[in-house]
Amino acid sequence: MSVVEILGGDAAAVQIVDALARHVRRPLYQLGGEVEASRCSDGSTQRCHAGYALGAALDVAGRIAPRRAVVERVRRWLQQQSTDGLTGLVGVALDGTRPRVKLYLARGEACSTDDLRPLALALADALSIPAPTPPRPGVVDVVALELEQAGPIALKAYLTLDEISAARALVPHGVHARLERLWRIRAGAGAGAGAGRAPILIAYRGATPTAIQVRIASDRLDQVPFAPRPAPGTLPTYVSLGLQRGEVTTYFLLPGQPLSPTPAAPDSAPAPAVDEPRAIDVSIGEVCNNDCRFCINPTASWAPLAERSRLEQVIVRCAADGYRRLGFLGGEPTLHPDLPELIELAYASGFEEVMLITNGRRLKDPVYARRLRVAGISRCLFMLLSWRARVHDAITRTPGSLREALLGARAARAAGITVGANIPVTRDNVDHLAETCVRFADAGIDQLALLYLSAYGNVLTSPGILAPLEIAAAQIRRAIEAVGDRASLVVDNLPYCYLPGLEEHIHSEMANPWREIAYPSGAVVDVSDVFRFRKRRLARCDGCRWDRVCGGVQDVDHLDTLARQAAEGRARAEQLR
């Protein structure tokens, strides 16, 4: 599967898409290909679109859309249709600061149909929503499904036309003069930069046109007085005339690093394949040889280690469902006697990478560490609390646990396993986070993640373990500055507004598709849904561009209520296990 192209959006839109679509764990503008920004005459809308082969587009949209069930219905419906040659694009349109996720079905060069009009009608019928009905003549090349948090689902069709007379007959008289001006400029470009793409494109919602776009040569934009000027040194591609609000938008490619220093032509070939595989964690049970005060699995109700046969069924099914990265977690996964064999089964079933989330203590045995490496483990994330043994061991309630974990990290690295560290932020370790991060980095652990605790598990009954948010944010900032380029450092579960200027270090669990967990029962839980439930929005969240992926602050003011709800839902939790 390959990236087809990347369209639209200024830096803010690119950051939104990167935060939402962690399907690719790099900013979209590092993928190569085209990055197209937009400048609108009324400043109201920015867009950023990423193109994929159809299956990958459905995967990404299913993770980031506010109505995931709708995307899954589309997936199932498409499996029953002829979709040869269809391409998928996933986009986020920013209307003000509220993102709107869009899933496009586009007619590629190898598409088995010349017109997607029947597909648009059938899809609208399958979803019980109004169908776009663009008139003839013209070919429908793209169908777009728009998904918002609230409001009706919208379906649009994009009609391509080759003649100015046909376009003029379909759009309001008020835009005719501007349309004809654009057409004359485009026609004067001959077979230059504007050739090879749809000369005119009209977007339809129902029977109503909403926008008309004309490709334009990069050296002729100065002849369009009503179009907003693009940034200096960019490559203009087309001008869009809004038919409802009257805005005019100029779209332009962004040259320079990390793209080629020479601006790519608008008709350049698709970008190379950059498509990271889907990932899932598998829980082996909740038994652990530590007893951490913050653990999400309350000690009194630990689920036992799962039977090997049950875990084998889960692994094989996840591989068949298209997951290609697997992480074992618990409890403590190294306590399972069949872990090496389960790792080997994962690779045999089709997984491309298997890793562990572990406290690392059992890996202090070099023989065991080498056995895991031979089985195929390439990476381990150690749960480490502090460089100071007294603090670490007090939080784990297990004397000697830090010493054994550091011995395990040394043995794992000697066996060829990459070692990272998850560092939960607690009231006990918050005052020396910078020291802890620097010391771990100097010890060869160069992938660090600071985890602000969630109101879950033991935290519900021991809220005193939580570090005050303002203090945690200040100490996390000190840790980022102290680590510098010694190691990569990310932050989980911290509101974006608490790290102004350092938001790129925050990895929101609410936008993290890597945190799907499969349980021995066969249930699969999306962790982002759990985090969304624990969040509370503040007044300042209104208008924040990170609102969708942040969700506000953790609802720590109602722990008693949450504890009661957790007790009432224990039967369901046991079912999921």
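### A look at the nonpolar core
Piece 1. Core analysis: the biggest nonpolar cluster contains 67 residues, and Phe328, Phe351, Leu448, Leu450, Ile476 and Leu494 have the highest contact counts within it.
Piece 2. In terms of residue count, the dominant contributor to this core is helix H14 (residues 469-483) (7 residues).
Piece 3. Residues Leu155, Ile164, Ile212 and Leu241 belong to the second largest nonpolar core, which totals 51 residues.

### A word on H14
Since there are 3.6 residues in each turn of an α-helix, residues three or four apart along the chain are aligned in direction.
Piece 1. When the terminal C-alpha atoms of H14 are compared, their 21 Å separation across 15 residues agrees well with the 21 Å that a helix rising 1.5 Å per residue should span.
Piece 2. The set of residues buried in H14 consists of Leu469, Ala472, Ala473, Gln475, Ile476, Ala479, Ile480 and Val483.
Piece 3. Looking at the buried residues of H14, the elements they touch are strand E16 (418-425), helix H12 (433-442), strand E17 (447-452), strand E18 (488-492) and strand E23 (553-554).
Piece 4. Backbone geometry just downstream of H14 places Gly484 in the positive-phi region, at approximately 55°.

### Comments concerning the pairing of E17
Piece 1. When you tally the buried positions in E17, you get 5 out of 6 residues, the bulk of the element.
Piece 2. Looking at chain direction, E16 and E17 are connected through 5 bridges and run parallel. Residue pairing for E17: Ala421 is matched across the bridge by Leu448.
Piece 3. Remark: the E16/H12/E17 crossover connection has right-handed handedness.
Piece 4. In this sheet, E18 lies alongside E17 in parallel orientation, the contact comprising 5 bridges. When the sheet's bridge partners are listed, Ala449 is paired in E18 with Val490.

### A closer look at the pattern of salt bridges
Piece 1. Going through the model one piece at a time under the given rule, you end up with 20 salt bridges.
Piece 2. Arg75 is the salt-bridge partner of Glu72, the closest N and O atoms lying 3.3 Å from each other. With a gap of 3 residues between them, Glu72 and Arg75 both fall in helix H3 (residues 68-78), about one helical turn apart.
Piece 3. On the accessibility criterion, Arg75 (19% relative accessible area) is buried.
Piece 4. For Arg397, the salt bridge is made with Asp291, and the minimal N-O distance between the two is 3.5 Å. Highlighted residues: Arg397 in the loop between helix H10 (389-396) and helix H11 (401-414) and Asp291 in the loop between strand E12 (278-283) and helix H7 (308-320), separated in sequence by 106 residues.
Piece 5. Judged by its relative accessible area of 42%, Arg397 falls in the partly exposed class.
Piece 6. Given a relative accessible area of 23%, Asp291 falls into the partly exposed group.
Piece 7. Salt bridges sharing common partners tie together Lys102, Glu146 and Lys156.

### Some remarks on unusual backbone geometry
Piece 1. For the bond from Arg136 to Pro137, the omega torsion is 10°, close enough to zero to count as cis.
Piece 2. Cis geometry marks the peptide bond from Gly330 to Gly331, where omega comes out at 20°.
Piece 3. Mapped onto the fold, Gly331 is located in the loop between strand E13 (323-329) and helix H8 (339-349).
Piece 4. Despite not being glycine, Ser128 has its phi angle at roughly 55°, a positive value.
Piece 5. Relative to the helices and strands, Ser128 resides in the loop between helix H4 (117-127) and strand E6 (139-147).
Piece 6. Overall, the relative accessible area of 66% leaves Ser128 in the exposed class.
Piece 7. The residue Asn493 is not glycine, and still its phi comes out positive at about 70°.
Piece 8. When you line up the elements, Asn493 lands in the loop between E18 and strand E19 (506-507).

### A look at H10
Piece 1. If you check which residues of H10 are buried, you get Val391, His392, Asp393, Ile395 and Thr396.
Piece 2. Here the buried face of H10 lies against strand E15 (377-383) and H11.
Piece 3. In the stretch just after H10, Arg397 is the one whose phi turns positive, near 55°.

### Some points on the side chain of His505
Piece 1. Residue placement: His505 occurs in the loop between E18 and E19.
Piece 2. From its side chain, His505 meets the backbone oxygen of Leu489 in a polar contact 2.9 Å long.
Piece 3. Apart from residues no more than four positions distant in its own chain, His505 is found in contact with Ile480, Leu489, Val490 and Val491.

### Some details on the packing of H12 against H14
Piece 1. Relative orientation of the contacting elements H12 and H14 amounts to 30°, with a least axis distance of 8 Å. Regarding the angle of H12 to H14, the classification is roughly parallel. Handedness of the H12/H14 crossing: right-handed. For the pair formed by H12 and H14, the contact residues are Leu433, Ala434, Cys437 and Val438 on the first element and Gln475, Ile476, Arg478, Ala479, Ala482 and Val483 on the second.
Piece 2. Tallied by class, residues from the contact of H12 with H14 come to 8 nonpolar, 1 polar and 1 charged.

Rules used in this analysis
- Residues numbered from 1 in each chain as written.
- Predicted model: local features only at pLDDT ≥ 70, side-chain atom pairs only at ≥ 80, totals over all residues.
- Heavy atoms only, no water.
- Core = buried A, V, L, I, M, F, W, Y, C linked by side-chain atoms within 4.5 Å.
- Buried < 20%, exposed > 50% of the residue type's maximum accessible area, 1.4 Å probe, protein only.
- Helix = DSSP H or I, 4+ residues; strand = E, 2+ residues; numbered from the N terminus.
- Expected span 1.5 Å × (residues − 1).
- Contact = heavy atoms within 4.5 Å.
- Pairing = 2+ DSSP bridges.
- Right-handed = clockwise from strand over helix to strand, strands pointing away.
- Salt bridge = Lys/Arg side-chain N within 4 Å of Asp/Glu carboxyl O.
- Polar contact = N/O pair within 3.5 Å; in protein donor to acceptor, adjacent residues only side chain to side chain.
- Axes fitted to C-alpha atoms, helices over the stretch in contact; angles between N-to-C directions.
- Parallel < 35°, antiparallel > 145°, perpendicular 65-115°, else oblique.
- Left-handed = near helix turned anticlockwise from the far one by under 90°.
- Nonpolar A, V, L, I, M, F, W, Y, C, P; charged D, E, K, R; others polar.

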